[in-house]
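Architecture and fold: a report
Each chain, written out:
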Amino acid sequence: MSNPTIADPAANLKAIEASLTAASAESGRSRAKVLIVTKTQPAERILPLLEAGWRRFGENRVQEAMSKWPALRARYPSAELHLVGPLQTNKARDALALFDVIQSLDRERLAQILAGEMARQGKRVRLYVQVNTGEEPQKAGVAPAAADAFIARCRDEWGLPIEGLMCIPPEGEAPAPHFALLAKIGRRNGLAHLSMGMSGDYLIAASLGATLVRIGSGVFGARET
Ligand SMILES: *Cc1c(COP(=O)(O)O)cnc(C)c1O
């Protein structure tokens with residue numbers, strides 16, 4: 001997404017969707033959906049998108065999401081909220097109560113705790129397993145070589161509803177091989193949903209089979225750091 005106008009997130013979204021429609025016509029794949037990443041955005045910037053009918057949103061921090069989304073969802077109960085950032089086990093209870101989808105399942109202890117909390121709260125959220133495709137030591141995610149066993153264990157041992165896979169390729173590396181690797185792991189594990197691609201590389205991700213692209217700055221403009 002080149003040079004998004006900060007002033008008009010809805011227009012940016014329309015342009016992103018148009019580019020995804022064109023990409024899907026070209027590749028013959030169904031069009032990837034957009035997850036609007038609202039981290040650091042105040043509720044006033046999110047509300048107009050809800051008013052305009054957008055319903056799929058992502059946050060990367062449980063605490064921040066808890067400060068904004070309960071009020072927004074009271075007004076728009078059909079909004080769907082995804083957690084795209086790392087989840088600490090001591091926040092699992094809150095995360096389960098708030099989110100519809102957790103995309104950052106990446107270790108057994110968390111799987112175990114989420115399974116217990118789902119039973120306790122009588123609530124099921126959809127889960128994506130995060131894969132550390134670049135095997136970066138500082139990054140969350142299961143190693144590619146450990147993914148199959150981890151997914152099997154989540155399903156068989158804890159009965160978790162694993163729906164898809166998520167990855168964040170290493171900075172400064174070509175993302176395509178990482179997206180292709182995630183797609184391959186998805187295929188061999190029967191997982192149809194792939195959350196991959198952000199503002200800078202979502203069309204590459206879409207061409208490699210992303211079903212969900214996660215867009216923040218391409219919608220709202222560059223985040224302040
Ligand atoms: C912030 C974030 C995004 C969105 O990034 P942009 O480059 O602003 O589109 C996507 N995925 C995750 C996990 C994020 O933390």
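Rules used throughout
- Residues numbered from 1 in each chain as written.
- Predicted model: local features only at pLDDT ≥ 70, side-chain atom pairs only at ≥ 80, totals over all residues.
- Heavy atoms only, no water.
- Helix = DSSP H or I, 4+ residues; strand = E, 2+ residues; numbered from the N terminus.
- Buried < 20%, exposed > 50% of the residue type's maximum accessible area, 1.4 Å probe, protein only.
- Near = heavy atom within 4 Å.
- Polar contact = N/O pair within 3.5 Å; in protein donor to acceptor, adjacent residues only side chain to side chain.
- Nonpolar A, V, L, I, M, F, W, Y, C, P; charged D, E, K, R; others polar.
- Pairing = 2+ DSSP bridges.
- Axes fitted to C-alpha atoms, helices over the stretch in contact; angles between N-to-C directions.
- Parallel < 35°, antiparallel > 145°, perpendicular 65-115°, else oblique.
- Left-handed = near helix turned anticlockwise from the far one by under 90°.
- Contact = heavy atoms within 4.5 Å.
- Expected span 1.5 Å × (residues − 1).
- Arc of directions from axis to C-beta.
- Core = buried A, V, L, I, M, F, W, Y, C linked by side-chain atoms within 4.5 Å.

1. Re unusual backbone geometry
Here Thr40, not a glycine, exhibits a phi torsion of approximately 70 degrees, which is positive. By secondary structure assignment, the location of Thr40 is in the loop between strand E1 (33–37) and helix H2 (43–51). Its identity as a non-glycine residue notwithstanding, Glu135 has a phi of 50 degrees, on the positive side. For Glu135, the location among the structural elements is in the loop between strand E5 (126–130) and helix H6 (144–156). A relative accessible area of 57% means that Glu135 is categorised as exposed.

2. Quick word on the site of the ligand
Lining the immediate environment of the ligand, one finds Val37, Lys39, Asn60, Val84, Ile168, Met198, Ser199, Arg214, Ile215, Gly216, Ser217 and Arg223. Arg214 places a side-chain nitrogen or oxygen 2.9 Å from a nitrogen atom of the ligand. In the model, an oxygen atom of the ligand is placed 2.7 Å from a nitrogen or oxygen of the Arg223 side chain. Counted by class, the shell around the ligand contains five nonpolar, four polar and three charged residues.

3. Notes on the pairing of strand E8 (residues 212–215)
Side-chain alternation along E8 places Leu212 and Arg214 on one buried face and Val213 and Ile215 on a second face that is also buried. Bridge count between E1 and E8: four bridges; the pairing is parallel. Looking at E8, one finds that Val34 is bridged to Val213.

4. Thoughts on the packing of H2 against helix H3 (residues 62–75)
Two elements in contact, H2 and H3, have axes whose closest approach is 11 Å; the angle formed by their N-to-C orientations is 25 degrees. With respect to their mutual orientation, H2 and H3 come out roughly parallel. In the crossing of H2 with H3, the sense of the turn from one axis to the other is right-handed. For the pair formed by H2 and H3, the contact residues are Ala43, Ile46, Leu47, Leu50 and Glu51 on the first element and Lys68, Trp69, Leu72 and Arg75 on the second. A per-class count over the contact of H2 with H3 returns six nonpolar, no polar and three charged.

5. A word on helix H1 (residues 9–27)
For H1, built from 19 residues, the straight-helix expectation of 27 Å at 1.5 Å per residue is met to within 8% by its first-to-last C-alpha distance of 27 Å. Here H1 has its buried residues at Pro9, Asn12, Leu13, Ile16, Glu17, Leu20, Ala23 and Ser24. One side of H1 carries all its buried residues, which in axial view fall inside an arc of 135 degrees. Seen from the buried face of H1, the exposed residues on the opposite side, beyond 90 degrees, are Lys14, Ala25 and Glu26. Looking at the buried positions of H1, the neighbouring elements they touch are E1, H2, helix H8 (202–207), E8 and helix H9 (217–220). One or two residues past the end of H1 sits Gly28, with phi positive at roughly 75 degrees.

6. Here's the deal with the packing of H6 against helix H7 (residues 176–188)
Between H6 and H7, whose axes approach to 11 Å, the crossing angle comes to 25 degrees. What the angle tells us is that H6 and H7 run roughly parallel. The two elements H6 and H7 meet at a crossing, and its hand is right-handed. Taking contact as the criterion, the partners of Pro144, Ala147, Asp148 and Ile151 in H6 are, on H7, Leu181, Ile185 and Arg188. Among the residues forming the contact of H6 with H7, the class breakdown is five nonpolar, no polar and two charged.

7. Some words on the nonpolar core
Counting 62 residues, the largest nonpolar core has Trp69, Leu105 and Leu160 as its most contacted members. Per element, the largest residue contribution to this core is five residues, and it comes from helix H5 (residues 108–121). In this view, Leu105 contacts Leu110, Ala111, Leu114, Leu127, Tyr128, Val129, Gln130, Phe150, Cys154, Leu160 and Ile162; residues no more than four positions away in its chain are not counted. With six residues, the next largest nonpolar core counts Leu35, Val84, Val101 and Leu212 among its residues.

8. A short note on the side chain of Ser104
Summarising the element assignment, Ser104 is placed in strand E4 (residues 101–105). Using a relative accessible area of 1% as the deciding quantity, one classes Ser104 as buried. Here Gly85 takes part through its backbone oxygen, which lies 2.6 Å from a polar atom of the side chain of Ser104. Once residues within four sequence positions are removed from consideration, Ser104 is found in contact with Leu83, Gly85, Pro86, Leu87, Leu110, Tyr128 and Gln130.

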